[in-house]
Protein chains: 2
Amino acid sequence: MTYETRLFAALADPTRRAIFERLAARGQSVSELSRAMPVSQPAISQHLKVLKEARLVRDEPAGARRIYSIDPGGLGPLRQWLDRFWIEQLAAFQSKVDAVADREEG
Amino acid sequence: MTYETRLFAALADPTRRAIFERLAARGQSVSELSRAMPVSQPAISQHLKVLKEARLVRDEPAGARRIYSIDPGGLGPLRQWLDRFWIEQLAAFQSKVDAVADREEG
DNA sequence: GCTTATAATAAGCCATGACTTATGAAACTC
DNA sequence: GAGTTTCATAAGTCATGGCTTATTATAAGC
């Protein structure tokens, strides 16, 4: 699986996005997340694994706990992907503008 | 299913992203897409349906054909979602800066 | 040291999703 | 108008994904 696909797939699940958004507000442990969410602890751990493999999240041991938090640059590739189309759309728009200009000249 | 989920889910499939990227370059018909891609015509139609429901793509009849193209504002919600975290991350950074400033003052 | 808390992994279940072939329905081409 | 092209939908198959309960490993606390 491509890294890009991993990224989009990680964000495609609503539970996983909810976890990500919680972590964006504040880093926290697995148990804290699982207490706040309507799924079991193993489910949370599995989601965190997927998020981590997509480099959206990182973890750090803290005693028996493990604090998960947002990986700061994690959304960078998503932004880059998005910007590609921003550019392309601009280019497409520009060529239409040019076409009109040419028509009015000629 | 939430609209946001539909959007991410639509982009999570690599074949579907490939279709989207082709259409970003140039609007084209189903048959044209299916000739260029390694899946059957029905598969293409099914993918286009998903992309359309995510408002990433629109279509227009042209005789027996049907020309699909990018929906211009389709990526807007994705950008907005992304910007939310951009802001949040900035805010988190700012509070750290403030903390350091307070420490140096006190 | 024994118990308790925390989190990861294993195994199994069920729904969904991506694909296929087959078919039907419009619209053009001659 | 018969044949052809184009596209959507139906139906079926197979793999994957998200969840559960059960279990194990590691660290804390008394």
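An unreviewed UniProt entry annotates chain A as ArsR family transcriptional regulator of Sinorhizobium americanum.

Peer 1: Explain the protein's contact with DNA strand C to me, and be specific about the residues and the numbers.
Peer 2: As a matter of local geometry, DNA strand C sits amid 22 residues, with A:Ser31, A:Ser45, A:Tyr68, B:Ser40 and B:His47 nearest to it. A share of 63% of the atoms of DNA strand C within 4 Å of the protein falls on sugar and phosphate groups. Within the side chain of A:Gln41, an N or O atom sits 2.8 Å from a base nitrogen of DNA strand C. Side-chain polar atom of B:Gln46 to a base oxygen of DNA strand C: 3.1 Å apart, as the coordinates give it. Only α3 (30-36), α4 (41-53) and β3 (65-70) of chain A together with α2 (14-25) and α4 (41-53) of chain B provide two or more residues apiece to the surface near DNA strand C. Considering only residue class, the surface near DNA strand C consists of eight nonpolar, 10 polar and four charged.

Peer 1: Lay out the protein's contact with DNA strand D with the relevant residues and their values.
Peer 2: As a structural note, the neighbourhood of DNA strand D is formed by 22 residues, with A:Ser40, A:His47, B:Ser31, B:Ser45 and B:Tyr68 the closest of them. Among all atoms of DNA strand D positioned within 4 Å of the protein, those belonging to sugar or phosphate total 62%. A:Gln46 has a polar side-chain atom sitting 3.0 Å from a base oxygen of DNA strand D. For the surface near DNA strand D, the elements supplying multiple residues, two or more each, are α2 (14-25) and α4 of chain A together with α3 (30-36), α4 and β3 (65-70) of chain B. The residue makeup of the surface near DNA strand D, split by class, is eight nonpolar, 10 polar and four charged.

Thresholds, definitions, all that
Residues numbered from 1 in each chain as written. Chains lettered and ligands numbered in written order. Predicted model: local features only at pLDDT ≥ 70, side-chain atom pairs only at ≥ 80, totals over all residues. Heavy atoms only, no water. Near = heavy atom within 4 Å. Polar contact = N/O pair within 3.5 Å; in protein donor to acceptor, adjacent residues only side chain to side chain. Helix = DSSP H or I, 4+ residues; strand = E, 2+ residues; numbered from the N terminus. Nonpolar A, V, L, I, M, F, W, Y, C, P; charged D, E, K, R; others polar.

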